[in-house]
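Coordinates in review
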Amino acid sequence: MADHGDFDIMYIGTLHPFHREHAQAALEAGKHVLVEKPFTTTLDDALALTELAEKKGLFIAEGLWTRFFPAVEQALHMVRSGSLGEVKQVEADFCFNATADGDAGVLFNKELAGGANFYVSIYSLGYATAVFGTEPEKIIATGHVQEGLDLSNVVVLLYADGKTGIAISGMHVESAEETRISGTNGRITIHPPSHCATSTTFYGKLEGRGNVETHTVQFDLPRNPPTLEETGGFNFPNSIGFQYEAAAAMRCIHAGRRETPQYTTSEMLGVQKLQDQVRKQLHERE
Ligand SMILES: NC(=O)C1=CN([C@@H]2O[C@H](COP(=O)(O)OP(=O)(O)OC[C@H]3O[C@@H](n4cnc5c(N)ncnc54)[C@H](OP(=O)(O)O)[C@@H]3O)[C@@H](O)[C@H]2O)C=CC1
Ligand SMILES: O=C1OC[C@@H](O)[C@H](O)[C@H]1O
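Predicted, not measured: the structure shown is a model, and the values here were computed from it.

1. Thoughts on the overall build of the chain
Within the chain one finds 6 helices and 11 strands. Expected size for 286 residues packed as a compact globule is a radius of gyration near 19 Å; at 19 Å, the chain falls within 12% of this value. The principal-axis extents of the C-alpha atoms in the chain amount to approximately 65 × 45 × 40 Å. Across the 286 residues of the chain, 50% fall into the buried class. Within the chain, residue pairs in contact and separated by at least 24 positions form 64% of the contacts whose partners lie at least 6 positions apart. Of the roughly 14000 Å² that the chain leaves accessible, carbon and sulfur atoms contribute 50%. Positive and negative charge centroids in the chain, built from 23 and 37 side chains respectively, lie 6 Å apart.

In structure tokens form, the structure reads like this:
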């Protein structure tokens, strides 16, 4: 397909163990690539792909669609512009009961790189790295692992200056899926489903302990196509918001950029490195 199609970019949405091979084939055929999460299943594979993209002068990104939702961009802008004071804590979770979904087979298949870490951890971990970066002083990961598959995991990232990121992921319960980012002058909540959020609330500290002013922002999603019902509908919440990521990739390619500013290659590789450490710790515990 990569060798024969008249198109610029390939979106790799295949099963986890095939991402490297399929993205590599696309790059070798001269196509830009947007790869579904997890970008690859090992750091070595991630490095091989990004090096190849660089050599070929092609755009490459992991499709962490969360980063392109306007609500998330707004929240991260507030964090970076100092509205919360000095940010010290990020708490994020994403757990869902995978057994309640129809086709959960691959999620419980070790050979297909199933498990909570590969499937959803990027969403909660990605909030910590968006705020504090990918070089914590210490990372502690633990979870419930059965026969090589993590059903749930908790990752604590300790950064310099008393900063902490907490990322919880699982395939076992329906969690709140709310992200809280707290600073010395206030906090911001990215409301559920925070991996594809459409609203945030800022709580700014006022004089006196516990007194806050609140400001909620709501972003409308793009409209669903009129043919959605005929084509079977979406499987997951806010899926129409996938177009934010697609539009960002298109803008980058038109501008000759090889990565997105919302989720740079350097951050993505840093996350892959952390993920390798998380999996090592998770599986040591089994
Ligand atoms: N961002 C998001 O919202 C979501 C992201 N994902 C991610 O998307 C990716 C795919 O997951 P999901 O859509 O659930 O998986 P599916 O099983 O629904 O789809 C996988 C696709 O890959 C194809 N495929 C499987 N094996 C091969 C192969 N060896 N060569 C070529 N094509 C192959 C399948 O083709 P065929 O049908 O012909 O077998 C199918 O079209 C994963 O990385 C997952 O984590 C998943 C859900 C939501
Ligand atoms: O990546 C994903 O996997 C789990 C889904 O529930 C979620 O919507 C999707 O983004």
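There's plenty left to go through after this.
2. A few points about the pattern of salt bridges
One side chain can pair with another of opposite charge once the charged atoms of both are near each other. Evaluation of the coordinates by the stated rule reveals 8 salt bridges. Across the pair Glu178 and Arg180 runs a salt bridge, and its minimum N-O distance is 2.8 Å. Residue classification places Arg180 among the partly exposed positions, given a relative accessible area of 29%. Connected via shared salt-bridge partners are Glu86, Lys88 and Lys163.

3. Brief notes about the environment of Ser266
Relative to the assigned elements, Ser266 resides in helix α6 (residues 265–285). Assessed through its relative accessible area of 56%, Ser266 is described here as exposed.

4. Observations concerning the sheet that holds strand β9 (residues 186–190)
Taking strand neighbours across the sheet as the criterion, the 8 strands line up as β5-β6-β7-β4-β8-β9-β10-β11 in an open arrangement whose pairing is mixed. Looking along the sheet, the strands with just one partner apiece sit at the ends: β5 (138–146) and β11 (212–218). Shown here is a sheet whose adjacent strand axes are inclined to one another by a mean of 10 degrees, direction ignored. Pairing between strand β4 (residues 87–95) and strand β8 (residues 179–183): 4 bridges, direction antiparallel. Its bridge partner lying in β8, Val90 is registered against Ile181. Each of β4, β8, β9, β10 (199–205) and β11 touches helix α3 (residues 70–80); the most contacted strand, β10, lies at about 20 degrees to it.

5. As for the packing of aromatic side chains
Applying the stated criterion across every chain yields a total of 7 aromatic pairs. Their ring planes at 75 degrees and their centres at 5.2 Å tell us that Trp65 and Phe69 sit as a pair that is edge-to-face. As far as the burial class goes, Trp65 and Phe69 line up, both buried. Judged by centre distance (5.9 Å) and plane angle (50 degrees), the ring pair of Phe94 and Phe96 falls under tilted. On the basis of relative accessible area, Phe94 is assigned to the buried category, the value being 11%. The ring centre of Phe7 lies 4.5 Å from the NZ or CZ of Lys31, which sits over that ring. Across the ring face of Tyr119, the terminal group of Lys37 is positioned such that the distance to the ring centre comes to 3.9 Å.

6. A short note on a nonpolar patch on the surface
Residues Leu15, Phe18 and Val106 make up a contiguous nonpolar surface patch of roughly 210 Å² in combined accessible area. By the secondary structure assignment, Phe18 is in the loop between β1 (9–12) and α1 (19–28). For Phe18, a relative accessible area of 34% gives the class partly exposed.

7. Remarks on the sheet that holds β1
A sheet is described by the order of its strands in space; here 3 strands give the open sequence β1-β2-β3, paired in parallel fashion. Looking at the sheet topology across the chains shown, the edges are occupied by β1 and β3 (60–62). Strand after strand, the sheet turns through a mean of 15 degrees between neighbouring axes, direction not considered. As defined by bridge partners, strand β2 (residues 32–35) adjoins β3 across 3 bridges and the pair is classed as parallel. Across the sheet, Val35 pairs through a bridge with Glu62, a residue of β3.

8. Some thoughts on the site of ligand 1
The environment of ligand 1 is made up of 13 residues, and the closest members are Gly13, His16, His19, Glu36 and Lys37. Side-chain polar atom of His16 to an oxygen atom of ligand 1: 2.8 Å apart, as the coordinates give it. Between ligand 1 and His22 there is a distance of 3.4 Å, counted from a nitrogen atom to a side-chain nitrogen or oxygen. Across the complex, the protein chains shield 53% of the 910 Å² of accessible surface that ligand 1 would expose by itself. Put simply, the parts of the chain that give the shell around ligand 1 at least two residues each are α1 and α4 (116–132). Broken down by class, the residue content of the shell around ligand 1 amounts to 6 nonpolar, 5 polar and 2 charged.

What counts as what
- Residues numbered from 1 in each chain as written.
- Chains lettered and ligands numbered in written order.
- Predicted model: local features only at pLDDT ≥ 70, side-chain atom pairs only at ≥ 80, totals over all residues.
- Heavy atoms only, no water.
- Helix = DSSP H or I, 4+ residues; strand = E, 2+ residues; numbered from the N terminus.
- Rg over C-alpha atoms; globule rule 2.2 N^0.38 Å.
- Buried < 20%, exposed > 50% of the residue type's maximum accessible area, 1.4 Å probe, protein only.
- Contact = heavy atoms within 4.5 Å.
- Areas by Shrake-Rupley, 256 points an atom, 1.4 Å probe, with all protein chains shown as cover.
- Lys, Arg positive; Asp, Glu negative; His and termini not counted.
- Charge placed at Lys NZ, Arg CZ, Asp CG, Glu CD.
- Salt bridge = Lys/Arg side-chain N within 4 Å of Asp/Glu carboxyl O.
- Pairing = 2+ DSSP bridges.
- Axes fitted to C-alpha atoms, helices over the stretch in contact; angles between N-to-C directions.
- Phe/Tyr/Trp six-rings, centres within 6.5 Å; stacked < 30°, edge-to-face > 60°.
- Lys NZ or Arg CZ within 6 Å of the ring centre and 35° of its normal.
- Patch = residues over 30% accessible without salt bridge, like charges linked within 9 Å, V, L, I, M, F, W, Y side chains within 5 Å.
- Near = heavy atom within 4 Å.
- Polar contact = N/O pair within 3.5 Å; in protein donor to acceptor, adjacent residues only side chain to side chain.
- Nonpolar A, V, L, I, M, F, W, Y, C, P; charged D, E, K, R; others polar.

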